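Results of the structural survey
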Amino acid sequence: MDEREDRPGRPGAGAVDVVLGIVFTLGIAGTAYMLMDSWAGASWVLTSAVGAVVSALALLRARQPVWTAIAGLAVVACAVGVSASVDLPQEPGPTTALALAVLVGSAIRVLPPARAAGIALASIVVMACAWISGGGAVVVLAALLCISAIATGLGLRVVDRGGRR
């Protein structure tokens, strides 16, 4: 399989990225607002920064699906550790979890099987670390998005393979 997601013949890829960009921007702003209201102080800074970085990686995923997925997983893993160690809102936040799901699902769809399996396993490990750092609705949402990303990536991989003869 080709590792580039932006192959010719994928109509609407640019429109999908525009919609994702809008959703990510609104999600980051909404989460920051809610954290300012509930946690006060600068508690929103880490979640917003991590959300912005992982969202940007998700929008750049077509160029380097392996490295954007690895970078997104690394950023989220670090954020999980930081948020747990300094008593900040739990990571990954909702927008970060969605952006990570886009990265993981997209990578699983287009990468060779061994790399796709590695990305899937790494995403499960990151979600397990988030779960260990403390349960809650945010982690449940992130875990559901992770599972959905893996399933969707695999499903689209099968559909893509079935279309080529």
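Everything here concerns the structure above.
Okay, so let's go over this structure.

Criteria and thresholds
Residues numbered from 1 in each chain as written. Predicted model: local features only at pLDDT ≥ 70, side-chain atom pairs only at ≥ 80, totals over all residues. Heavy atoms only, no water. Helix = DSSP H or I, 4+ residues; strand = E, 2+ residues; numbered from the N terminus. Buried < 20%, exposed > 50% of the residue type's maximum accessible area, 1.4 Å probe, protein only. Patch = residues over 30% accessible without salt bridge, like charges linked within 9 Å, V, L, I, M, F, W, Y side chains within 5 Å. Areas by Shrake-Rupley, 256 points an atom, 1.4 Å probe, with all protein chains shown as cover. Salt bridge = Lys/Arg side-chain N within 4 Å of Asp/Glu carboxyl O. Contact = heavy atoms within 4.5 Å. Axes fitted to C-alpha atoms, helices over the stretch in contact; angles between N-to-C directions. Parallel < 35°, antiparallel > 145°, perpendicular 65-115°, else oblique. Nonpolar A, V, L, I, M, F, W, Y, C, P; charged D, E, K, R; others polar. Expected span 1.5 Å × (residues − 1). Core = buried A, V, L, I, M, F, W, Y, C linked by side-chain atoms within 4.5 Å. Disulfide = S-S within 2.5 Å.

**Considerations on unusual backbone geometry**
Of note, the amide linkage connecting glutamate 91 to proline 92 takes the cis form, showing an omega dihedral of -5 degrees. Secondary-structure assignment places proline 92 in the loop between helix 3 (65-85) and helix 4 (94-110). If you check the backbone angles, aspartate 87 has positive phi at about 55 degrees while not being a glycine. With respect to the helices and strands, the residue aspartate 87 is situated in the loop between helix 3 and helix 4. Using a relative accessible area of 61% as the deciding quantity, one classes aspartate 87 as exposed.

**Some words on a nonpolar patch on the surface**
A cluster of nonpolar residues, Val18, Ile22 and Leu26, forms a patch on the protein surface that exposes about 310 Å² of accessible area. When you line up the elements, leucine 26 lands in helix 1 (residues 13-38).

**Topic: the side chain of serine 55**
Turning to its location among the elements, serine 55 is positioned in helix 2 (residues 44-59). In contact with serine 55, other than residues within four places in its own chain, are Phe24, Ile28, Thr95 and Ala99.

**Some details on the packing of helix 2 against helix 3**
When two helices pack together, you describe them by how their axes are tilted relative to each other and by the distance separating the axes. Two elements in contact, helix 2 and helix 3, have axes separated by 9 Å at closest approach and are oriented at 170 degrees. With respect to their mutual orientation, helix 2 and helix 3 come out roughly antiparallel. From helix 2, Leu46, Val50, Val53, Val54 and Leu57 reach across to helix 3, where they touch Thr68, Ala71, Gly72, Val75, Val76, Ala79, Val82 and Ser83. Considering only residue class, the contact of helix 2 with helix 3 consists of ten nonpolar, three polar and no charged.

**Description of helix 4**
Helical geometry: 3.6 residues make up each α-helical turn, so side chains three or four residues apart lie on a common side. The end-to-end C-alpha distance of helix 4 is 25 Å, a good match for the 24 Å that 17 residues give at a rise of 1.5 Å each. The buried fraction of helix 4 amounts to 15 of the 17 residues, a majority that puts the element mostly inside the structure.

**Description of the nonpolar core**
Core analysis: the biggest nonpolar cluster contains 35 residues, and Val54, Leu100, Val104, Leu111 and Ile119 have the highest contact counts within it. Counting residues per element, this core draws most heavily on helix 4, which supplies ten residues.

**With respect to the state of the cysteines**
Every disulfide links exactly two cysteines, by a covalent bond between their sulfur atoms. Scanning the model with the defined rule gives zero disulfides in all. Counting only cysteine sulfurs, cysteine 78 is the nearest neighbor of cysteine 129, a cysteine outside any disulfide, at a range of 11 Å. Cysteine 129 gets classed as partly exposed once you look at its relative accessible area, which sits at 40%. Of all cysteine sulfurs in the structure, the one in cysteine 129 sits closest to cysteine 146, which takes part in no disulfide; the separation is 12 Å.

**So, the pattern of salt bridges**
Close approach of charged atoms allows side chains of opposite charge to pair. Tallying each qualifying case throughout the model produces two salt bridges. Put simply, aspartate 17 and arginine 61 hold a salt bridge, and the shortest N to O gap is 3.0 Å. Separated by 44 residues along the polypeptide, aspartate 17 in helix 1 and arginine 61 in the loop between helix 2 and helix 3 bring together distant segments of the chain. Its relative accessible area of 8% is what places arginine 61 among the buried residues. Its salt-bridge partner being aspartate 160, residue arginine 109 comes within 2.7 Å of it at the nearest N-O pair. Note that arginine 109 is positioned in helix 4 and aspartate 160 in helix 6 (residues 137-163), a separation of 51 residues in sequence. You can call aspartate 160 buried: its relative accessible area is 15%.

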